[in-house]
Amino acid sequence: MGAQAQERSVVRIVVCDTGPVLHLSEAGALGLLEKTGEVLIPPIVDHEIGRHIQDWPSRRPGWLRVESPQHPRAEQLEQWAAQIELGAGEMEAIVLAKSRAADWLLTDDAGARVVATLLGMEVHGSLGVVLWAVAQAHISRHEAAAILDRLAVSSLWVSPAILAEARRALDAALL
């Protein structure tokens with residue numbers, strides 16, 4: 001098998017906290033997560049999503065796996081989480097991402113982004129997933145623009161400046 005074929009067979013490990021699952025679901029674009037790789041959420045995130053999405057256990061897609069972290073929280077992570085006031089879902093997602101050596105952590109929480117970045121993780125959010133999906137030709141720019149519009153009226157808080165930047169990226173094809 002050639003190097004290129006081997007590279008294609010490697011599956012990206014993606015860990016999500018509650019935000020991207022909830023926000024992309026509200027925007028009718030939850031299926032984009034499946035395209036990112038092997039998608040994992042910790043049990044506490046599954047529970048949090050269930051508080052927001054009716055009948056979540058029966059509606060949870062089969063490709064979205066619930067998995068517990070395999071090691072205890074690190075002391076440094078606990079300290080950062082306390083200082084930044086991370087929620088339990090963000091904390092467990094970061095711990096799961098570290099324990100699985102995840103390729104991506106998906107979060108829409110600014111504090112979780114800071115901690116994950118300090119830990120050397122590649123971090124993306126809901127908007128990043130949409131832009132990535134366009135860049136990978138999973139969706140059209142027109143579809144992405146519609147998803148961005150729906151995200152703007154979802155429970156996701158996104159600044160007008162960041163939303164405008166994402167729209168400019170679509171318009172300018174700077175993906």
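Residues numbered from 1 in each chain as written. Predicted model: local features only at pLDDT ≥ 70, side-chain atom pairs only at ≥ 80, totals over all residues. Heavy atoms only, no water.

(A) Seen up close, the nonpolar core. Grouped together as the largest cluster of nonpolar side chains are 36 residues, with contacts concentrated most on Val-21, Val-130 and Leu-151. Here this core gets 7 residues from one element, more than from any other, and that element is helix 9 (residues 126–135). In this structure, Val-21 is in contact with Cys-16, Leu-30, Leu-33, Ile-41, Ile-49, Trp-56 and Leu-64, ignoring residues within four places of it in sequence. With 14 residues, the next largest nonpolar core counts Ile-13, Leu-86, Met-121 and Val-123 among its residues. (Core = buried A, V, L, I, M, F, W, Y, C linked by side-chain atoms within 4.5 Å. Buried < 20%, exposed > 50% of the residue type's maximum accessible area, 1.4 Å probe, protein only. Helix = DSSP H or I, 4+ residues; strand = E, 2+ residues; numbered from the N terminus. Contact = heavy atoms within 4.5 Å.)

(B) Structural detail: helix 7 (residues 88–99). In a regular helix each residue adds 1.5 Å, so 12 residues correspond to 16 Å; helix 7 covers 16 Å between its end C-alpha atoms and thus fits that length. Taken as a whole, helix 7 has its buried residues at Gly-89, Glu-90, Met-91, Glu-92, Ala-93, Ile-94, Val-95, Leu-96 and Ala-97. Positive phi appears at Ala-101, one or two residues downstream of helix 7, with a value of about 50°. (Expected span 1.5 Å × (residues − 1).)

(C) Structural detail: the pattern of salt bridges. For the structure on display, the rule yields 6 salt bridges. Here Asp-149 ties to Arg-167 by a salt bridge, and the two come within 2.6 Å at their closest N and O atoms. With Asp-149 in helix 10 (residues 141–152) and Arg-167 in helix 11 (residues 160–172), this pair connects stretches of sequence that are 18 residues apart. In this structure Asp-149 comes out as partly exposed when scored by relative accessible area, which is 41%. With a relative accessible area of 31%, Arg-167 lands in the partly exposed category. Through salt bridges with shared partners, a single network forms among Glu-38, Arg-65, Glu-67 and Arg-100. (Salt bridge = Lys/Arg side-chain N within 4 Å of Asp/Glu carboxyl O.)

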